[in-house]
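Understanding the architecture of this molecule
Chain residues, written in single-letter form:
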Amino acid sequence: MTAAAPGFSWRSVILPAFLPTALFALGEGALIPIIPIVADDLGATLAIAGLIAAMIMVGQLLSDIPSGWLVSRIGERNAMIWGAIFALLGVLVSVSAPSPLVLGLGILMIGIATAVFSIARHAFLTTFVPVSHRARALSTLGGVFRGGWFVGPLLASLVIGLTGSAQTVFWIAVGGFVAVILVLLLLPDPEAMFGRAPVVQEPSGEVVTTGEAEVEAESRGIFSTLWHHRGVLARVGTAAGLISALRASRTVVLPLWAVSIGISPADTALIIGIAGGIDFALFYVSGLVMDRFGRLWSAIPAMIGLGIGFLTLSFTHDLEGAAVWFVVIAAVLALSNGLSSGVVMTLSADLAPPDDPAPFLGGFRFITDAGAAGAPLVISAATSLASLSLGVGAMGVLGFVGAFLLWRYVPRYVPKRR
């Protein structure tokens, strides 16, 4: 696929793709557990703190469609650089925020930047990694991202323990995003390492790389794609959206619950970091299970585990051992989430039409990102109207709904293979 494809080396993608991803994920991973804590320090209610934490997912959803267009216009490497710069600006807004409203704006900016960076990174791998190695490259990329979410909270816990302030964690994110920018700026041009990039000519006459063309095609005509494939997307797409919803809920619920039951910021980051380690350890096992036994053997146990975890957590808020329950359930949720590593991307690849997959993949991603953005908003609304326990319990019920939809419709739409 590229001039360098015959002599492709894994070492060639470590610096331009995997290292920036690890640094970006470390900064974001350190930040996520302390957002509700900082919001609480600024005087936000529990419901508003949950809403602010949800802004990362909302920002990613809002940026889904324009990100593909942006990457195709300024290039993969430039888009990754500008995504990291915008994330850095979002952190600086957040760390200087005088009110919950400004903090929410800063977190929204980080979410928008995350989508730009992720889509540009995907385009980069599509352009420069040959087809024979691409699935393993994307899988490894997912593992690198999970690794950052494992190390980031542990580093946050250490910094909070040394300084006594959750606000100082923002500077870990600053360091991570600055390091991303420097790595990308100091590296030689990708074509010097990989050979000349493969290009295609768009109908407008503009020449772009294959990766840029693919991500633009994924983001073009999202709503017409949703209508054209409404049958499968309404069934399997909804199930995948619920997987993303429960995953996103976990990143909001755990720090929010810790604030609610009075766990210290340092302990919260430590617990979430250890849970991230469990999640990180299982990303390869999930792919192995899916390939050997089928997609459902990964997806359904994961959804049932997430459902049980959220439902159980919803009944422990006022128990004497609430902190112990929190630790145990954080581990259960991480185990369940780890079992589902890669299942959403795998299902979308299974279902995409082979003759023109890009628009379908874009529509599928839009549904899953909508689930990821919507679930934390539901939790925030439930917390405002009733209690945090009600919102968490509702997520538990949705876990079982998602498991049923997967059991019912995946065998119908995903062809059986030997």
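Structural notes, computed from the coordinates.

Calculation notes
Residues numbered from 1 in each chain as written. Predicted model: local features only at pLDDT ≥ 70, side-chain atom pairs only at ≥ 80, totals over all residues. Heavy atoms only, no water. Helix = DSSP H or I, 4+ residues; strand = E, 2+ residues; numbered from the N terminus. Buried < 20%, exposed > 50% of the residue type's maximum accessible area, 1.4 Å probe, protein only. Contact = heavy atoms within 4.5 Å. Areas by Shrake-Rupley, 256 points an atom, 1.4 Å probe, with all protein chains shown as cover. Expected span 1.5 Å × (residues − 1). Phe/Tyr/Trp six-rings, centres within 6.5 Å; stacked < 30°, edge-to-face > 60°. Salt bridge = Lys/Arg side-chain N within 4 Å of Asp/Glu carboxyl O. Axes fitted to C-alpha atoms, helices over the stretch in contact; angles between N-to-C directions. Parallel < 35°, antiparallel > 145°, perpendicular 65-115°, else oblique. Nonpolar A, V, L, I, M, F, W, Y, C, P; charged D, E, K, R; others polar. Left-handed = near helix turned anticlockwise from the far one by under 90°. Patch = residues over 30% accessible without salt bridge, like charges linked within 9 Å, V, L, I, M, F, W, Y side chains within 5 Å. Polar contact = N/O pair within 3.5 Å; in protein donor to acceptor, adjacent residues only side chain to side chain. Core = buried A, V, L, I, M, F, W, Y, C linked by side-chain atoms within 4.5 Å.

Concerning the overall build of the protein
When you go through the protein residue by residue, the secondary structure sums to 18 helices and two strands. Burial analysis of the protein (418 residues in total) assigns 55% to the buried set. Excluding contacts between residues fewer than 6 apart, the proportion of contacts in the protein whose partners are at least 24 apart in sequence is 84%. Looking at the protein as shown, the accessible area adds up to about 17,100 Å², and 69% of this sits on carbon and sulfur atoms.

Describing the environment of Gly294
Mapped onto the elements of the fold, Gly294 is located in the loop between helix H13 (283–293) and helix H14 (296–314). Taking relative accessible area as the criterion, Gly294 reaches 23% and is therefore assigned partly exposed. For Gly294 and Pro411, which are 117 residues apart along the polypeptide, the C-alpha to C-alpha distance reads 9.8 Å.

Topic: H14
Over its 19 residues, H14 extends 27 Å from the first C-alpha to the last, a length consistent with the 27 Å expected when each residue adds 1.5 Å. Those residues of H14 lying buried are Ser298, Ala299, Ile300, Ala302, Met303, Gly305, Leu306, Gly307, Gly309, Phe310, Leu313 and Ser314.

Regarding the packing of aromatic side chains
All told, the structure shown has seven aromatic pairs when counted by the stated rule. On the basis of an interplanar angle of 50° and a centroid distance of 4.8 Å, the ring pair of Phe24 and Phe177 is categorised as tilted. Of the two residues, Phe24 sits in helix H1 (residues 11–31) while Phe177 sits in helix H7 (residues 170–186), which places them 153 residues apart along the sequence. Three or more aromatic residues joined by ring pairs make a cluster, and in this case those are Phe24, Phe117 and Phe177.

Some details on the pattern of salt bridges
If you walk through the whole model with that rule in mind, you get four salt bridges. Between Asp64 and Arg365 there is a salt bridge; the shortest N-O distance is 3.7 Å. In this pair, Asp64 is assigned in helix H3 (residues 46–74) and Arg365 in helix H17 (residues 357–385), connecting sequence segments 301 residues apart. Using a relative accessible area of 21% as the deciding quantity, one classes Arg365 as partly exposed. Here Arg250 and Asp279 are joined by a salt bridge, their closest N and O atoms 3.0 Å apart. With Arg250 in helix H11 (residues 230–261) and Asp279 in helix H12 (residues 265–281), this residue pair connects regions lying 29 residues apart in the sequence. Among the residues examined, Arg250 registers a relative accessible area of 11% and is labelled buried. What you see here is one network of salt bridges that share partners, running through Arg146, Arg250 and Asp279.

Some thoughts on the packing of H11 against helix H15 (residues 322–339)
Relative to each other, H11 and H15 sit at 170°, their axes nearing to 11 Å. Accordingly, the angle class assigned to the pair H11 and H15 is roughly antiparallel. Touching Arg247, Arg250, Leu254, Trp257, Ala258 and Ile261 of H11 are Ala322, Ala323, Phe326, Ala330, Leu333, Ala334 and Asn337, all from H15. Taken together, the residues of the contact of H11 with H15 sort by class into ten nonpolar, one polar and two charged.

Things to note about the packing of H12 against H15
Viewed as axis vectors pointing N to C, H12 and H15 meet at an angle of 30°, and their least axial separation amounts to 8 Å. Our classification of the angle between H12 and H15 gives roughly parallel. For the pair H12 and H15, the sense of crossing is right-handed. In this structure, H12 uses Ile271, Ala275, Ile278 and Asp279 to contact H15, whose residues at the interface are Phe326, Val327, Ala330, Ala331, Ala334, Leu335, Asn337 and Gly338.

Thoughts on a nonpolar patch on the surface
Together, Phe86, Leu89, Leu92 and Trp171 make up an exposed nonpolar region whose accessible area comes to about 370 Å². For the nonpolar patch, the element with the highest residue contribution is helix H4 (residues 76–95), accounting for three residues. Counting through the fold element by element, Trp171 comes out in helix H7.

As for the side chain of Ser340
With respect to the helices, strands and loops of the structure, Ser340 is situated in the loop between H15 and helix H16 (343–351). Residue classification places Ser340 among the buried positions, given a relative accessible area of 2%. Engagement of the side chain of Ser340 in a polar contact is seen with the backbone oxygen of Asn337, the distance being 2.8 Å. With residues near it in sequence (within four places) discarded, Ser340 still touches Arg247, Ser286, Ser298 and Ala302.

Some points on the environment of Gly342
Inspection of the secondary structure puts Gly342 in the loop between H15 and H16. On the accessibility criterion, Gly342 (29% relative accessible area) is partly exposed. In sequence terms Gly342 and Gly142 are 200 residues apart; their C-alpha atoms lie 7.7 Å from each other. Among residues more than four places away in sequence, those in contact with Gly342 are Arg247 and Met290.

Thoughts on the nonpolar core
Core analysis: the largest hydrophobic core is formed by 117 residues, its most contacted members being Ile34 and Leu406. Broken down by element, the residue count for this core peaks at 16 residues, all from H11. Those residues within four positions of Leu406 in sequence are excluded, and the remaining contacts are Ala239, Ile243, Leu296, Ala299, Ile300, Met303, Leu347 and Pro411.

The values are spatial; any link to function lies outside them.
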